[in-house]
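One-letter residues, chain by chain:
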Amino acid sequence: MKYLILKSSLFNPEQLIENDLDDRLNFKELYELQNLSCVEISNTMFGVYNKLWDGKYKEIDKEEATWGSLLFSELRDVAKVWEADPASGYEDKAPVQVTPEIKTHVVNFMRTFALELIDDEYEKRFLSMRSATSLEVESWAIQRHEAKEWLTYGAVSGHETPFLDYLATNEGKDKTELSNKILEKAENFQDQLSQMLVNAHKLKRKFKNATTIWDLNILYEDYLGVLMPSTQAVELERTVSEDDWTRKPQYEVNVNEYDF
C-alpha cells in the first residue's frame, strides 16, 4: 500500500474502491481538507494512476497517514475513533490512548499537509501573476537579454537584438525607450516574485517549527481558515466566554479561506 497527499481534483470519487476480499484493488480517501486529499492506494491501483498524476503527490508513511487522518487537531490524551464492530457489523466509536508516538505522527501529518496546501496556493498565485502563455514567459528572458545588450553596446557589431528590433518596429517605439520599459517591467516582476518567495518561506517556516498539535491548530486557524477545537479556543480566550463558544470579533474565522 502507498499513502499519498495529492490534489482532490486529480481523481474522481467514483474511482475510489474499498475491497475487503482483494486489497490489490483498494483506493480510498482517508482525509480531505481544502483542495487536498490523503489517500490509501494499493500498488496495483497506483500503477494504473501514477502516470496520470505525473508525480504530483507527496508520499508519506502508513502511520503518519493513518493517525493523522484519524486524529487531526486532536488534543485529548484519550480520543474516540470510529472502528468496525464485528459483532454488529456497524462502526462504533472506540477509545484510543493517544501516546506521544501517535502525537508525533499526527504532528508530522498536519505539518506535511499544511506545507502542501501552502505550496499549492503559492503556485496558483505565481501562475496568476504571470498571466501569460508559456511561450510568452520564455520570451521574457530574451527580451531582458536583448534590452541589456542594446543599452550596453548599442549598434556595435556582434551585439544583434533581432527580437527587440521586431518589437520596436511592431510597436513603433524607440529601441532605447522600449529597452528601458522592458527592464522596468522585468524588475517589477522580480520584486513581486521575490516578495512572494519571502512570504512563502516565512509562512512555511512557522509550520516547520511547530512541534505540537496545539501550536499547529493555532497556525491552521490563523492562516489556513481551519477552526481549532472549541476547548482550545476557550482556553486561548478567543471566545466570548467559557460557556459561549461564539468568537470574539478579532478571532472570527472565515472558514476555508486563507489569510496570508
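The coordinates are above.
So, here is what we can say about the structure in this document. The structure displayed is predicted, hence computed values, not measured ones.

### Examining the nonpolar core
Formed by 39 residues in total, the largest nonpolar core has its most connected members in Leu33, Cys38, Phe109, Phe113, Phe207, Tyr220 and Leu224. The set of elements that each furnish at least two residues to this core consists of strand S1 (2-7), strand S2 (27-33), strand S3 (36-41), helix H2 (62-71), strand S5 (78-84), helix H3 (100-130), helix H6 (175-209) and helix H7 (213-224). The element contributing the most residues to this core is H3, with twelve residues. Those residues in contact with Phe113, other than ones at most four positions away along the chain, are Ile5, Tyr31, Leu33, Leu36, Ser37, Cys38 and Tyr220. If you look at the next biggest cluster of nonpolar residues, it comprises ten residues, including Phe27, Val39, Met45 and Trp53.

### A closer look at unusual backbone geometry
Residues other than glycine seldom take positive phi values, yet Ser73 does so here, at roughly 70°. Positionally, Ser73 belongs in the loop between H2 and S5. Located in the positive-phi region is Glu237, a residue other than glycine, with phi close to 60°. Residue position: Glu237 is located in the loop between helix H8 (230-235) and strand S7 (239-241).

### A few points about the pattern of salt bridges
Following the criterion strictly, the structure yields 15 salt bridges and no others. The salt bridge partner of Glu40 is Lys28, with a shortest N-O separation of 3.7 Å. In this pair, Glu40 sits in strand S3 while Lys28 sits in strand S2, placing the two residues twelve residues apart along the sequence. Residue Asp120 is joined to Lys124 by a salt bridge in which the shortest nitrogen-to-oxygen separation is 3.6 Å. A residue pair is termed a helical-turn pair when its members lie 3 or 4 positions apart in one helix, as Asp120 and Lys124 do in helix H3 at four residues. What makes Lys124 partly exposed here is its relative accessible area of 42%.

The rules we used
- Along each chain, the written sequence defines residue order, and numbers are assigned to residues from 1.
- Restriction of local features to residues with pLDDT of at least 70 applies here, the model being predicted, together with a cutoff of 80 or more for giving and counting side-chain atom pairs; totals for whole chains, interfaces and linings are based on all residues.
- No hydrogens and no water enter the side-chain calculation; it runs on all heavy atoms of the structure.
- Each nonpolar core is a collection of buried residues, namely Ala, Val, Leu, Ile, Met, Phe, Trp, Tyr and Cys, held together in the definition by side-chain atoms within 4.5 Å.
- Under the scheme applied here, a residue whose accessible area is under 20% of the maximum for its type counts as buried, over 50% as exposed, and between as partly exposed, the area being computed with a 1.4 Å probe on protein chains only.
- The secondary structure listing takes helices from DSSP runs of H or I that are at least 4 residues long and strands from runs of E that are at least 2 residues long, numbered from the N terminus.
- When checking whether two residues touch, look at their non-hydrogen atoms; a contact exists if any pair is within 4.5 Å.
- Salt bridges, as used here, are contacts in which a Lys or Arg side-chain nitrogen is within 4 Å of a carboxyl oxygen on Asp or Glu.

The values are spatial; any link to function lies outside them.
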